[in-house]
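# Coordinates in review
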Amino acid sequence: MRVVVGITGASGIIYAIRLLEELESRGIELFIIISDRARYIMDLECKDKKKVISRFAKRIHDNNDFSSPLASGSFRIDSMVIVPCSLKTLSAVANGYVDTLISRCAINCLKEGRKLILVIREMPLDLQTLRNMVKAREAGAVVMPAMPAFYHNPKTLDDIIDFVVGKILDQLGIDHELFRRWGE
Ligand SMILES: Cc1cc2nc3c(=O)[nH]c(=O)nc-3n(C[C@H](O)[C@H](O)[C@H](O)COP(=O)(O)O)c2cc1C
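This section reports on the structure supplied with the text. What you are looking at is a predicted structure, and each value in this text was computed from that prediction instead of being measured.

## Focus: the site of the ligand
Thr8, Gly9, Ala10, Ser35 and Ser86 are the nearest of the 16 residues found near the ligand. At four residues, helix α2 (residues 36-45) tops the list of elements feeding residues into the shell around the ligand. For the shell around the ligand, a count of residues per class yields five nonpolar, seven polar and four charged.

## Considerations on the pairing of strand β2 (residues 29-34)
The pairing of strand β1 (residues 2-7) with β2 spans six bridges and is parallel. Each bridged residue has a counterpart across the sheet, and for Ile7 the counterpart in β2 is Ile34. With respect to chirality, the unit in which β1 leads through helix α1 (residues 13-25) into the neighbouring parallel β2 is right-handed. Pairing between β2 and strand β3 (residues 60-61): two bridges, direction parallel.

## Some remarks on the environment of Arg76
When you line up the elements, Arg76 lands in the loop between β3 and β4 (79-85). Taking the C-alpha atoms as reference, Arg76 lies 9.6 Å from Glu112; in sequence the two are 36 residues apart.

## Overview of the nonpolar core
Counting residues in hydrophobic clusters, the biggest one holds 51 residues, and the most contacted among them are Val5, Leu19, Val81, Val83, Leu118 and Val119. Considering every element that reaches this core, the biggest residue donor is α1, with seven residues. Setting aside its immediate chain neighbours within four residues, Val81 contacts Val3, Val5, Leu19, Ile117, Val119 and Ile168.

## Digging into the sheet that holds strand β5 (residues 115-120)
Across the sheet, which stays open at both edges, the six strands sit in the order β3-β2-β1-β4-β5-β6 with parallel pairing between neighbours. Each edge of the open sheet carries a strand with a single partner, namely β3 and β6 (142-143). The strands touched by helix α5 (residues 101-112) are β1, β2, β3, β4 and β5; relative to β4, the strand with the most contacts, the crossing angle is about 135 degrees.

## Considering the pairing of β5
Of all six residues that make up β5, five are buried, and the element is covered over most of its length. Bridging between β4 and β5 involves five bridges; their strand directions are parallel. Across the sheet, residue Val81 finds its bridge partner in β5, namely Ile117. As defined by bridge partners, β5 adjoins β6 across two bridges and the pair is classed as parallel. Within β6, the residue paired with Ile117 across the bridge is Val142. Where the polypeptide runs from β5 across helix α6 (residues 127-138) and back to β6, its parallel neighbour, the crossover connection is right-handed.

Parameters and conventions
Residues numbered from 1 in each chain as written. Predicted model: local features only at pLDDT ≥ 70, side-chain atom pairs only at ≥ 80, totals over all residues. Near = placed C-beta within 6 Å. Helix = DSSP H or I, 4+ residues; strand = E, 2+ residues; numbered from the N terminus. Nonpolar A, V, L, I, M, F, W, Y, C, P; charged D, E, K, R; others polar. Pairing = 2+ DSSP bridges. Right-handed = clockwise from strand over helix to strand, strands pointing away. Core = buried A, V, L, I, M, F, W, Y, C linked by C-beta atoms within 7 Å. Buried ≥ 20, exposed ≤ 12 C-beta atoms within 10 Å, placed from the backbone. Contact = placed C-beta atoms within 7 Å. Axes fitted to C-alpha atoms, helices over the stretch in contact; angles between N-to-C directions.

Take a look at the structure:
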């Protein structure tokens, strides 16, 4: 299975790091694109950023490199997750505006009928963003704001993070035990 993980400049970079760890541990072929602003926020939010970046270095594609295989719909991937997904990148995807490799790859997913998951992080939501979410959904994307639940009785921050990551894995069709499901 080939999965592209796009990391954009919203708060919640930790969701991307946990997702990468889970995907890597399952031997999934990973392709990673990190926006400039995401790198900046990673510095603020994740102290071990350098370790993470160097661990996945070989899989990272330049967000400005339109000659990357990921820029072409002919390059076969199964799914793309943009996590966290900034409202700016949501807008690009919803409106077909290709300004980065992340938005190009996302729009390729839509045109090729591949799974595209947008994990938005913002609150409250302005009307234009709500409209962009509807547009993205209508175009075929899965729009899943990072909204942890509490019915599984999380005890730690990791439990809360893992709930969101588990919901992303559910969308990718990947088994996991990151949180206790209701009724199980
Ligand atoms: C510290 C910091 C936190 C931010 N958090 C968010 C956020 O949670 N959601 C969001 O949509 N934008 C957020 N932004 C703004 C985006 O980074 C900005 O819109 C940027 O242009 C996104 O570009 P990108 O999608 O190419 O990464 C944040 C910016 C900074 C500096």
